[in-house]
Amino acid sequence: MSVSSMALKNLTRQKRRSVLLGGAIAFGILIITVVDGLSGSLITSLEANISNLVPGHIFVRGVEKSDKGRIIFAMKDTDLLEKTVRDLKIPVKSIAKTTTIEQAALISDLGTQYQGLTGLDLGPTSYIHSRIVIVEGSLDGFTGSNKILIAEGTAKKLGVKLGDTVSVQCETQTGQQNVLDFSVGAIYKDPGLAASLAGAYADIGIVDRLRALAPGEYTNFGVFLDDVSTADQWGTALYKALDAQKLPLWSRGTPQDLQTQFRDQGWKGTRYALFTLNDILSFLKGIFGALNGIAFGILLVLFLVIMVGITNTYRMVVYERTREIGTLRALGMQRPQIRNLFLFEAVYLALVGIAVGFVVGVVVLWGLSLVDLSSWKDFNVLLKDNKLQLFVDLGSFVFNLVVVAALTALAALFPARRAGRLTPAEALRTTN
Amino acid sequence: MKRFLMILATAGLLGAAAAADDVDFHAILAKVDEQTNFKGDASAKVTIQSKKPGEDDNIMQAQYFRRDAANKFMILMLKPEVNKGQGYLKIDSNIIFYDPESRKFSKLTGSGNFQDSNAKNSDFQASSLAQDYDVVETSREKLLAKDTWVITVKAKTNDITYPKRKVWVEVSTNLLLKSEDYSLSDRLMRTSLYGKYVNIDGKFLATRMRFEDNLKKGEVTDLILENPSLAPLPDAVFTQAYLEKVNN
């Protein structure tokens, strides 16, 4: 019988002890699997929901400063940008030129809703068609008209239906008050987001008029990539290429960092800011990353405690099996084999515990993913269809598996080496 | 007799029109500014009461400091408790907001609403009608039995909160009694009423103001100024450090 088989058999000899030790390991793995799964689920939903909201994966904005220090976002001639995107052979799904009003007041006779308004081309080739589900009306005839597309939640809050008038109030680029009337042309399904985040859409011409931009101007050049996960890679490549062509650029940063640069630095003319979807989400990703780090730290502390338990247990096991070790040694088993017998036993115990903990963790996550959380209105930006997404990070599982198995083996190493050092005669003399 | 009365009425109207032609309305706007802007410092306690349909009235109190000659003001929120310590500091064309909770300053625009009321941040700054606007149309009418000039003005630059305003100025006092504020698209957005002035050393301070939102039906904000004073204020009041200091 091989050492490995003997180790497996030994595990079943002391079932209660094995179950308790394996259970402790399983519990630790269960906790880390659930925490990893929850944070992964939240960040994945957040990324998907935000990428549905924003007009691109890589963004370039033209920034000017007025004589009175007001920051103005406007750009018109973007041939250089488009040419650079083509020259770099960036795998682009589409390019969107949009004008964004971050906080517009949508006013009806029944109420007011503050939300973003995006002006864009709503024609048949517009990216918007793949982003939203129209539940009432259609986007036909939006181009060049004063029709507005709003979310179901917004329509409900404003008490409006198709054809009703909604006044939109905002500041112009230079700080003047402006208001225009829109007619509700279509209503789209709430994308599992708070209504205030969902945003409204209208033809770019009329939104430019509301923002007092010149015809043909817009505030945002957005690049939709085939693969959103390459946003940082292509964003960096585009930044370097534009910089090489002497386009005046702001340093890379999150939108918040860029706002600080706009405010604090003096400059003239137009300078361009480039950021990616990941820059927008970096703050939130940082929070989730920190949570994962804390969870892993707790796991390590938990396993230090478990390691002490494993060490003590195996000291006891070695003590209990001293005569057995003597017999095995007398029959010709070598010291490393005796040591490995205990190490294998500990590693098998860890692997079983890890497997059980992982499976139970996945079952818990699956159960959580079935819970309807539609009442969590303030947090549904973190949900998909009002539910948690089932997210299992196999990479993280493999990492935890290696770390925990190694820690368990390390915990068992001291008693295992002690067992290996016993001489046959000494072991056989023991009376316990 | 009837013919005589008609001639008299026609002559009266023509006379009024001729008189209006002779009036320098830009000078009237300058007079409005001159009478309501203080050469030295001024301060008062302000109560802001906002009414919105379907919501409880929101009552706020603040201490308001002005230094018109230097184009500065400071507003320090006193009530409600949740807003206590927040501050608005205007220096030149910048309005800075201080939040004691986060201990951070942020930049605001003059066209932003003051504490979610119908008053604008720019309503607290020195009057600059003559500097900001050109006169485009005038008439004369009675407003609540008071003889007023009705002057329609358009902004000289594109960074004035309201691109067009229609102001009612009392003929006898050159005080602003009412203002209709229009958007760039020429929609009436807000009606402002100046109900009461107090005379302090020859200058006038509006102590009762009402701002009615013409877009959001039923939204009204009343501003009441009490305990006005012209006592000189320390320079430190108009600094960011002051806002931090009063919150320590």
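As the structure is a computational prediction, the values presented were derived from the model and not from experiment.

K.L.:
Sorry if this is basic, but what is going on with the nonpolar core here?
P.N.:
Side chains of nonpolar character tend, in soluble globular proteins, to be buried together. Core analysis: the largest hydrophobic core is formed by 49 residues, its most contacted members being B:Ile75, B:Phe114, B:Phe124, B:Ile151 and B:Leu223. Those residues in contact with B:Phe114 that sit more than four places away from it in its chain are B:Ile48, B:Ile75, B:Met77, B:Tyr88, B:Ala119, B:Lys120, B:Asn121 and B:Phe124. Ranked by size, the runner-up nonpolar core spans 38 residues in total, among them A:Met333, A:Phe342, A:Leu349 and A:Phe358.

K.L.:
Sorry, what's going on with the interface of chain B and chain A here?
P.N.:
By convention, interface size is frequently given as the accessible area that disappears when the constituent parts associate. Taken together, the 23 residues of chain B in the interface contact 20 residues of chain A. Taken together, the two surfaces of chain B and chain A that pack against each other cover about 1,800 Å², and 46% of this comes from carbon and sulfur. Across the contact surface, chain B and chain A share 2 salt bridges. We note a salt bridge from A:Asp181 to B:Arg187, for which the minimum N-O separation is 2.8 Å. Our count for the contact surface shared by chain B and chain A stands at 8 residue pairs in polar contact (both at pLDDT 80 or more). Counted by class, the side of chain B that touches chain A contains 7 nonpolar, 10 polar and 6 charged residues.

K.L.:
So what exactly am I meant to see when it comes to the packing of helix α9 (residues 277–320) of chain A against helix α11 (residues 335–369) of chain A here?
P.N.:
When two helices pack together, their arrangement is given by the angle between the helix axes and by the axis-to-axis distance. All names here are of chain A. The N-to-C vectors of α9 and α11 enclose an angle of 135°; their axes lie 12 Å apart at closest approach. By the angle class used here, α9 and α11 are oblique. Of the two elements, α9 crosses α11, and the hand of that crossing is right-handed. Residues Tyr314, Val317 and Val318 of α9 form the contact with α11, whose own contacting residues are Phe342, Glu345, Ala346 and Leu349. A breakdown of the residues in the contact of α9 with α11 according to their chemical character gives 6 nonpolar, no polar and 1 charged.

K.L.:
What should I look at first to understand a positive patch on the surface in this one?
P.N.:
Residue and element names in this part refer to chain A. Taken together, the side chains of Arg315, Arg335, Arg339, Arg417, Arg418 and Arg421 present a region of like positive charge at the surface. Those elements that place two or more of their residues in the positive patch are α11 and α12 (394–421). Along the chain, Arg421 falls in helix α12.

K.L.:
Even after reading the chapter, I still don't get unusual backbone geometry, so can you show me in this structure?
P.N.:
Trans peptide bonds make up the majority, and among non-glycine residues the majority have a negative phi. Note the cis peptide between B:Lys79 and B:Pro80, where omega equals 0°. By the element assignment, B:Pro80 lies in the loop between β3 (72–79) and β4 (87–91). The backbone phi angle of A:Lys89 is positive, close to 55°, even though this residue is not glycine. Along the polypeptide, A:Lys89 turns up in the loop between α3 (79–87) and β3 (92–107). We classify A:Lys89 as exposed; its relative accessible area is 69%. Of note, the phi angle at B:Asn71 is positive, near 60°, even though the residue is not glycine.

K.L.:
Help me understand the packing of aromatic side chains in this model?
P.N.:
Aromatic ring pairs are defined here through the distance separating the ring centres and the angle between the ring planes. By the definition in use, this model includes 14 aromatic pairs over all chains. Ring centres of B:Phe114 and B:Phe124 lie 4.7 Å apart, and the angle between their planes is 50°; on these two criteria the pair is classed as tilted. Placement of the pair is B:Phe114 in the loop between β6 (104–108) and α3 (129–132) and B:Phe124 in the loop between β6 and α3, with a sequence separation of 10 residues. In terms of burial, B:Phe114 and B:Phe124 fall into one category: buried. A connected cluster of aromatic rings, assembled from ring pairs, spans B:Tyr64, B:Phe73, B:Tyr88, B:Phe97, B:Phe114 and B:Phe124. Lying across the ring of A:Phe73, A:Arg61 places its NZ or CZ 4.2 Å from the centre. Geometry around B:Trp168 places B:Lys178 over its ring, the cationic atom sitting 4.4 Å from the centre.

K.L.:
For this particular structure, what's the right way to read the environment of B:Gln63?
P.N.:
All names here are of chain B. Within the fold, Gln63 resides in strand β2 (residues 58–67). Take Gln63: its relative accessible area is 22%, and that puts it in the partly exposed class. Once the C-alpha coordinates of Gln63 and Val46 are considered, the two residues, 17 residues apart in sequence, prove to be 6.1 Å apart. A polar contact is formed between the side chain of Gln63 and the backbone oxygen of Ala44, at a distance of 3.2 Å.

K.L.:
Hey, could you run me through helix α7 (residues 231–244) of chain A in this one?
P.N.:
Given 3.6 residues to a turn, an α-helix orients residues that are three or four positions apart in the same direction. All names here are of chain A. Compared with the 20 Å implied by 1.5 Å per residue over 14 residues, the 20 Å span of α7 between its first and last C-alpha is a close match. Of all the positions in α7, only Ala231, Trp234, Gly235, Leu238, Tyr239, Ala241 and Leu242 are classed as buried. Axial view of α7: buried residues confined to an arc of 170°, hence all on one face. Structural note: α7 exposes Lys240 and Ala244 on the side pointing more than 90 degrees away from its buried face. Looking at the buried side of α7, the elements it contacts are β1 (58–65), α3, β10 (220–225) and β11 (271–276). Phi for Lys246, located one or two positions after α7, is positive at around 65°.

Conventions used here
Here the residue numbers are simple positions, counted from 1 along each chain's written sequence. Here chains are named by letter from A upward and ligands by number from 1 upward, in the order in which they appear as written. Residue-level local features of this predicted model are given only where pLDDT is at least 70; pairs of side-chain atoms are given and counted only at 80 or more, and the full residue set underlies all totals for whole chains, interfaces and linings. Processing note: side-chain calculations cover all non-hydrogen atoms of the structure and skip hydrogens and water entirely. Grouping buried Ala, Val, Leu, Ile, Met, Phe, Trp, Tyr and Cys residues that are joined through side-chain atoms within 4.5 Å yields what is termed a nonpolar core. Only protein chains enter the accessibility calculation, which uses a 1.4 Å probe; a residue whose area is less than 20% of its type maximum is buried, one above 50% is exposed, and one in between is partly exposed. Throughout, a contact is declared for two residues whenever any of their heavy atoms are within 4.5 Å. Defined in terms of a 1.4 Å probe, buried area is the accessible area two parts forfeit on being brought together, summed over both. Definition used for salt bridges: Asp or Glu carboxyl oxygen within 4 Å of a side-chain nitrogen of Lys or Arg. Identification of polar contacts relies on pairs of N or O atoms within 3.5 Å, with a donor-acceptor requirement for protein atoms, meaning one able to donate a hydrogen and the other able to accept it, and with residues adjacent in sequence counted only if both atoms are side-chain atoms. Side-chain classes follow a simple rule in which Ala, Val, Leu, Ile, Met, Phe, Trp, Tyr, Cys and Pro form the nonpolar group, Asp, Glu, Lys and Arg form the charged group, and the remainder, Gly included, forms the polar group. Simply put, an axis is a line fit to the C-alpha atoms, just over the touching stretch for a helix, and the angle between two N-to-C directions goes from 0 to 180 degrees. Segments assigned H or I by DSSP are reported as helices when at least four residues long, segments assigned E as strands when at least two residues long, and all are numbered from the N terminus. Just so you know how the angles are binned, under 35 degrees is roughly parallel, over 145 roughly antiparallel, 65 to 115 roughly perpendicular, and the rest oblique. Handedness of a crossing follows from how the near helix is turned relative to the far one, being left-handed for an anticlockwise turn of less than a right angle and right-handed for a clockwise one. Note that patches include only residues with greater than 30% relative accessible area and no salt bridge, and the join distances are 9 Å for like charges and 5 Å for nonpolar side chains (Val, Leu, Ile, Met, Phe, Trp, Tyr). Exposure was quantified through the Shrake-Rupley algorithm and a 1.4 Å probe, taking into account, for residues, occlusion by the shown protein chains and nothing else. A positive count includes Lys and Arg, and a negative count includes Asp and Glu. His and the chain ends are not counted in either. Note on charges: their place is set at NZ of Lys, CZ of Arg, CG of Asp or CD of Glu. Stacked, tilted and edge-to-face are the three classes applied to pairs of Phe, Tyr and Trp rings, where Trp contributes its six-membered ring and a pair requires centres within 6.5 Å; stacked means planes under 30 degrees apart, edge-to-face means over 60, and tilted covers the rest. Whether a charge lies above a ring is judged from NZ of Lys or CZ of Arg, which has to be within 6 Å of the ring centre and within 35 degrees of the ring normal. Expected helix span is given by 1.5 Å per residue-to-residue step, counting one fewer step than there are residues. Directions drawn from the helix axis to the C-beta atoms are what define this arc.

All we've got here are geometric facts, nothing functional implied.
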